[in-house]
Every structure is written in structure tokens, then in C-alpha cells.
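The chain contents come next:
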Amino acid sequence: MSTFKSRFRMSVPVLGLALLLLLVASAVAEVIDTRYKDPKLPMNLRINILMKQMTLEEKIAQMAQINRLQAEADPKILREYSIGSVISAPDSPPGGDHRATAEQWVDMVNGYQRWSLSHRLGIPMLYATDSVHGHNNLYRATIFPHNVGLGATRDPELVKRIGAVTAIETRATGIPYVFAPCIAVCRDPRWGRCYESYSEDHKIVEQMTDIIYGLQGEIPPNSPKGVPYIAGKKKVAACAKHFVGDGGTAKGINENISNRLAWIAEYSYARILPFHHQSWNGQKMHANKTLVTHFLKSTLKFKGFVISDWQGVDRITYPSGSNYSTSLLRAINAGIDMVMVPPNITEYVRIMTSHVKNKLIPINRIDDAVRRILRVKITLGLFENPLSDYSLVGEIRTQAHRHLAREAVRKSLVLLKNGKDAKKPLIPLPKKTSKILVAGTHANNLGLQCGAWTITWQGQNGHNLTTGTTILNAISATVDPSTEIVYSENPDVKSLKSSKYSYAVVVVGEPTYAESAGDNLNLTIPEPGLSTMINVCSKVKCVVVLISGRPLVVEPYLPMMDALVAAWLPGSEGEGVADVLFGDYGFTGKLPRTWFRTVDQLPMNVGDKHYDPLFPFGFGLTTKPINGSMEIET
């Protein structure tokens, strides 16, 4: 017993020394080489220094983009896992308040960022949102025409300026990463996303991708080749979506099989979003290694990162989410670098870790993905300036921004008919006359005027959506004060017979819709707008202004119209419509897509063998300004 005691007493100092050595060793192991935060060092060196210190689990977490609601429910996961990105999807403003201020957006993003920075390596997360026609999730932002209207302008310089404004207003809310532009080449207007496409002609879409230079900045001549470029704190990381063949969906059905390649020459530095849950010749794009890795990354030398679409990985297996492990395996090995909204972040990290340790996903595939993600974060300056301030808030919806949106509206409008007799045009309309009628479902409705992807995903019918000027208000501000304006959304036939109107402006069109909700095999003008148009135009000299994301069936009603204007989805600045109706500016817009006679002709595009449109691709009557007005400079 005494021998045991003696031995025990002798072992205590030794045990204490061992514990001390263990603690010292642990402390040494936790010393972080922070040189990756030094902007003076070369980018690749910074990335190498950081990645050598990252665990496998941390690398995998960098490859995840979680929903803001997940972060709000448990913000600690940003620190515990070192999450790569957070997305504010539509309908997900700060605190669920669609009227949240820019300052509240900044505070929210900074709050999440602080959790990310509290991780041992302090890797900033990348916050993202859909800014598809301006910063459309922000109340009181400048809302520009949707892409189909911008395609009608044929003006790449204009869209570049729009990109710059969108970038400033988005960065003003603390968000450095946007899911725009959509470079779909819509080949069938029955598709619910057709208004997100600039044109049915890939050449016009290529030209319109100059918006990326507005969003990210012009690339300097001496910029290192193959390295992303973003020109400072007023610019954002852009995306080009959706890769590949977007808009070639069969029968205009969202997420259907793509039956042709929509070739686009320009690509974003930050993201090429694989085609929306779609298949290419029967293979899901999210699992298509040939196109994602071999073509995009190897052949085209794309250096940004590739992110999945919402639930795009889940849908690789059928039914969706039925085998998430297999879906992840196929997606990552195909070349997906970041997974949007894993249903369960813990499960995602566990599955991915298991795949790598079992050598089902090579570690070099993980390293390639993380390197691409870090490259974008460093380019954005997030390691030096991870937190935002309020300094850009005053640049939201400025007068100059509104003037630019107004310019975009008037340049996007396409005049399809002007007078029942071509020698007697109705437009420009006289500002000074006795009495005019303004009618229709869309004449005084800012929500319908802006369309979907405005504050909410599907958009909203009514006036409370955001701030702007309706077409009715624009007309009221444009005509002579002595002109009496009568507004009736749906006037009865008796009043039309008894009233002596000089002319009527009838504004009708589609409801708001996004994605699959907009798939439509009929493409008729919805009621009660159609009846209003027929009733008014059969009794009064009329101009029909059509608010829609695509061509609709108008041939049966064309003879009763005196003038027809395709106004697309013009956004918040309705003054642009009045500018050309009343001759302050001339009509210059050209159809970005073919206007069919009947839906039985669809799909029908310029260059097709059997091409018999009502109005051909590129059609658009022109008028001259009557007041010698000059363009408003921005």
C-alpha cells in the first residue's frame, strides 16, 4: 500500500506537467494566421492561407446558402458552421415587414454578419437577394421595367445605367450579391417567366447583358485575366441565370425539358445559376457535369462559383427530396459549388462530410468550390469591410434614379397601331381638349403596373405595394389643366353613349404572376379588362395600353382600336407612358419578340420556316416629339 501511495505522489507532478503541455499545445494550435485578411497580399496567397486552416466541415458549410428565415430562427448556426451565404428570398424582408426601411435592412444584414465574424476564422458570409428590376424587395426603391420591356429599347447603354442604379440601391441596404440578370431566351410566350427574358433573339439578350457592367463595374484594361472584378462599395456581385438553355422550355411549361440551346456569350463573375430545376436532353442540369464543369468552367474558363437554384439539388431525385444524399453527391460532382437552401444544415454537413470521407466526392472538388467562393468574397472586399453603414441610404430613389426609370419606360413602349387610317394618326394625343376618359383595370394600379418580383414574389394587386406614379396620375399631370379627366375602371355602356369624350385611354392587361403561376396556354386579355376595352373602344375613339409580360391575343379586337401600345410591365414610373402618348417624346421601341395571331401558332419565332405573325419581331411604329423636348439627363 505504501508503495502505491509513493508511486501515486510521484505521478501527480508528472500528470500536471502532461496537462500543462496539452494546454500549451492546444493554445498553439488555435493561433490563427490572419494574413488572409490583408488586402495587400495576392488573392491566391490569401485564399491558400485561409484554406489551410479550414476544417472539412467548415469548407462544406462555406458551400451552403441558407434562407434568411433559417438564420433568423437560429443565428448561432452562422458561427457554429461558418455558413457561406444567406439569401433574402422574396417575401422575406426584415422582421417580415414589407415596408422595412433601408436602415432596417442594413441592421439585419449586419446582425447576421456579426454572427459569422464571431466564428474562429471570421469568414464573412455573402448576403444575397433578387434585384431583377431594381432593388425590387425594398419598399420605396426605384422599380424599372421588367426585362422584356428593356429588350424593346435595344439600348445596352441604358441597361448598363440601370444596372449601376440597381447596384447602388441594393448596396445601400447592406446587400452585396444579386441574382440578376436573367439571360433567358424565351422562345414561347406561354412560359410564365417570359417577361424575365429580354428577347426571343439571343443576339439582343447578349447585348442586354451589358447590365452586368453596370452592376459590377467596367473591367479595367490592366485587370488580371480570369480574376473577377467588382468596382468598389457601390457595386454588387452579379449573376447570369439560368444556365443553360433557359427559355427553351418545351410548350412554355416552367421547369420542363429544354429542347434547344439558348446560347449566351456573356457570363457573370459571381454566379451562373443552373437552369431552373430543368433537364437538358433528359438529364437534370444540376447533375450535368459535361455542361457545368467541362463546358462552363473548363472551356469558357469561368472563375466564379456555380450555385444551385432553389431546391434544385433536391429535385435531382424523384420525388423531390426523396434521396438528398444521392442528390448532393451528383450535384457536387457535376460542378455545383454552392447549394441554395439545404432543407437541414446539420444533415447537409453530415451527408457531405460522409461523402468526402468515403471518397465519393474528391477533396479537390470541395477545395475548388471553396476557392471559387472565397475569390468572390475577397473581390467584394468583405474581409476588409464586412459590415455596412447607412452612407448610401440617401441614394435610394433619387430624382436622377426616377428620371432614368422614366426614360426606360418611354423607350420600352412599342406602338403597334396608330389610327384606323394610317394617314390620320391618333398619337400624339392632344393635351388640351374638352373631356377624356381613362379606363381599365391597370390605369390606376401600381401593383399591376410593376408586376411580380416587386416587394413580394407573385406581386400584388393594388396601390399599397410600393411608391410610384400610376398611368392615371401621369396622364393627370400631363394634360392641360382645362382638360376634364373622367376615370372609371369599368364604365357602363350607358355612360359611354351619353358622354362626349374626345378620346379614351384604356389600360388593361394581365394579373401579376411569377414562374409556374404564369404558365398560360390561352394568353387572352383577362376579364374584366377585355370587356372594358370592347365596350369603350366600340363607343369612343380609343388608345389601348396593354400591360403584360408578353404578347396576348389582340387580333380579334384590333379593328375597333384606334391605337395600340405594348407597355409590358413598366414599373414605378408611369410618367414614361404619358411622355410618349402626348408627344413630349416619340415612340422608338421595337418588339423584342414575335406577336402571334393565335396561340395555335406557338411556338413561333423569327427565322422559323412558317412565320406568319400579327406583328413581326422588330416591329414598332415611330412618332416624333411635338414640343421639342430633350432627354432628361441622369
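Residues numbered from 1 in each chain as written. Predicted model: local features only at pLDDT ≥ 70, side-chain atom pairs only at ≥ 80, totals over all residues. Heavy atoms only, no water.

- Per an unreviewed UniProt entry, the recorded name for the protein chain is Beta-glucosidase BoGH3B, and the organism is Sesamum latifolium.

### As for the sheet that holds strand β16 (residues 563–568)
Here is step 1 of the chain: Strand order across the open sheet formed by six strands is β11-β16-β15-β14-β12-β13, with mixed pairing between neighbours. At either end of the open sheet lies a strand with only one pairing partner, and these are β11 (414–418) and β13 (484–488). Between one strand axis and the next, the sheet turns through 15° on average, direction left out of account.
Here is step 2 of the chain: Where strand β14 (residues 503–509) meets strand β15 (residues 542–547), six bridges bridge the pair, whose relative direction is parallel. Residue pairing in the sheet places A504 in a bridge with C542 of β15. (Pairing = 2+ DSSP bridges. Helix = DSSP H or I, 4+ residues; strand = E, 2+ residues; numbered from the N terminus. Axes fitted to C-alpha atoms, helices over the stretch in contact; angles between N-to-C directions.)

### Section: helix α14 (residues 363–379)
Here is step 1 of the chain: Between its first and last C-alpha atoms α14 spans 24 Å; for 17 residues at 1.5 Å apiece the expected length is 24 Å, and the two agree.
Here is step 2 of the chain: Most of α14 is tucked away: twelve of the 17 residues are buried.
Here is step 3 of the chain: Every buried residue of α14 is listed here: R365, I366, A369, V370, R372, I373, L374, R375, V376, K377, I378 and T379.
Here is step 4 of the chain: Buried positions along α14 lie against α2 (43–52), α3 (56–62), β3 (126–129), α11 (289–299), α12 (324–334) and α13 (345–357).
Here is step 5 of the chain: Once α14 ends, the next one or two residues include G381, with phi positive near 75°. (Expected span 1.5 Å × (residues − 1). Buried < 20%, exposed > 50% of the residue type's maximum accessible area, 1.4 Å probe, protein only. Contact = heavy atoms within 4.5 Å.)

### Section: unusual backbone geometry
Here is step 1 of the chain: With an omega dihedral of 5°, the bond running from K241 to H242 counts as a cis peptide bond.
Here is step 2 of the chain: Assignment of secondary structure puts H242 in strand β5 (residues 239–243).
Here is step 3 of the chain: The linkage connecting Y318 with the following residue, P319, adopts the cis geometry, with an omega of -5°.
Here is step 4 of the chain: Examined against the element boundaries, P319 turns out to sit in the loop between α11 and α12.
Here is step 5 of the chain: In this structure, Q311 takes a positive phi of about 60° despite not being glycine.
Here is step 6 of the chain: Within the chain, R397 stands out as a residue other than glycine whose phi angle is a positive 50°.
Here is step 7 of the chain: With respect to the element layout, R397 can be found in the loop between α14 and α15 (399–412).

### Points about the side chain of R375
Here is step 1 of the chain: Residue placement: R375 occurs in helix α14.
Here is step 2 of the chain: We note that R375 is buried and unpaired, the nearest opposite charge coming from D368 at a distance of 6.3 Å.
Here is step 3 of the chain: When sequence neighbours within four positions are dropped, the list of residues in contact with R375 reads M43, I47, P228 and K303. (Lys, Arg positive; Asp, Glu negative; His and termini not counted. Salt bridge = Lys/Arg side-chain N within 4 Å of Asp/Glu carboxyl O.)

### Structural notes on the sheet that holds strand β4 (residues 177–178)
Here is step 1 of the chain: Spatially, five strands are ordered β4-β3-β2-β1-β10 in an open sheet, and the strand pairing comes out parallel. A single partner strand is all that each edge strand has here, and the edge strands are β4 and β10 (339–340).
Here is step 2 of the chain: Bridge count for β3 against β4 is two bridges, and the pairing is parallel. Across the sheet, residue T129 finds its bridge partner in β4, namely V178.

### Concerning the packing of aromatic side chains
Here is step 1 of the chain: Within the structure shown, the criterion is met by eight aromatic pairs.
Here is step 2 of the chain: Measuring from centroid to centroid gives 5.5 Å for Y195 and Y513, while their planes differ by 70°, and the two rings are edge-to-face. Of the two residues, Y195 sits in the loop between β4 and α9 (202–208) while Y513 sits in the loop between β14 and α19 (529–537), which places them 318 residues apart along the sequence. The same class applies to Y195 as to Y513, namely buried.
Here is step 3 of the chain: An aromatic cluster of at least three residues, connected via ring pairs, comprises W568, W595, F615 and F619.
Here is step 4 of the chain: Over the ring of W453 we find K241, and its NZ or CZ is 5.7 Å from the ring centre.
Here is step 5 of the chain: Here the guanidinium or amino end of K435 rests over the ring plane of Y501, the centre of that ring lying 5.2 Å away. (Phe/Tyr/Trp six-rings, centres within 6.5 Å; stacked < 30°, edge-to-face > 60°. Lys NZ or Arg CZ within 6 Å of the ring centre and 35° of its normal.)

### Remarks on the pattern of salt bridges
Here is step 1 of the chain: Scanning the model with the defined rule gives 31 salt bridges in all.
Here is step 2 of the chain: Of the charged contacts, one joins R190 and D188 as a salt bridge, the two residues approaching to 2.6 Å between their closest N and O atoms. Comparing R190 with D188 shows no difference in burial state: the two are buried.
Here is step 3 of the chain: Note that K297 is salt-bridged to D337, the shortest N-O span being 2.8 Å. Of this pair, K297 sits in helix α11 while D337 sits in the loop between α12 and β10, and the two are 40 residues apart along the sequence.
Here is step 4 of the chain: One continuous salt-bridge network, built from bridges that share partners, spans K297, D337, R365, D368 and R372.

### A word on the pairing of β14
Here is step 1 of the chain: Most of β14 is tucked away: seven of the seven residues are buried.
Here is step 2 of the chain: Judged by which residues are buried, β14 turns out to be covered on both faces: Y503, V505, V507 and G509 on one side and A504, V506 and V508 on the other are all buried.

### Overview of the environment of G335
Here is step 1 of the chain: Checked against the element boundaries, G335 lands in the loop between α12 and β10.
Here is step 2 of the chain: In this structure G335 comes out as buried when scored by relative accessible area, which is 0%.
Here is step 3 of the chain: Sequence spacing of G335 and K297 is 38 residues, and the spatial spacing of their C-alpha atoms is 8.5 Å.
Here is step 4 of the chain: Apart from residues no more than four positions distant in its own chain, G335 is found in contact with V292, T293, K297, V306 and R365.

### Topic: the side chain of E196
Here is step 1 of the chain: In this structure, E196 sits in the loop between β4 and α9.
Here is step 2 of the chain: The contacts of E196, once residues within four sequence positions are left out, are N147, C182 and W453.

### Section: the state of the cysteines
Here is step 1 of the chain: Using the criterion set out here, one finds two disulfides in the structure.
Here is step 2 of the chain: There is a disulfide in this structure between C186 and C194, and the S-S distance comes to 2.0 Å. Since a negative S-S torsion denotes a left-handed disulfide, the C186-C194 link at about -105° is left-handed.
Here is step 3 of the chain: By relative accessible area, which is 0% here, C186 ends up buried.
Here is step 4 of the chain: Judged by its relative accessible area of 1%, C194 is buried.
Here is step 5 of the chain: Between the sulfur of C537 and that of C542 lies a disulfide, 2.1 Å long from S to S. One quick way to see it: the torsion about the S-S bond of C537 and C542 is about 105°, and its sign makes the bridge right-handed. (Disulfide = S-S within 2.5 Å.)

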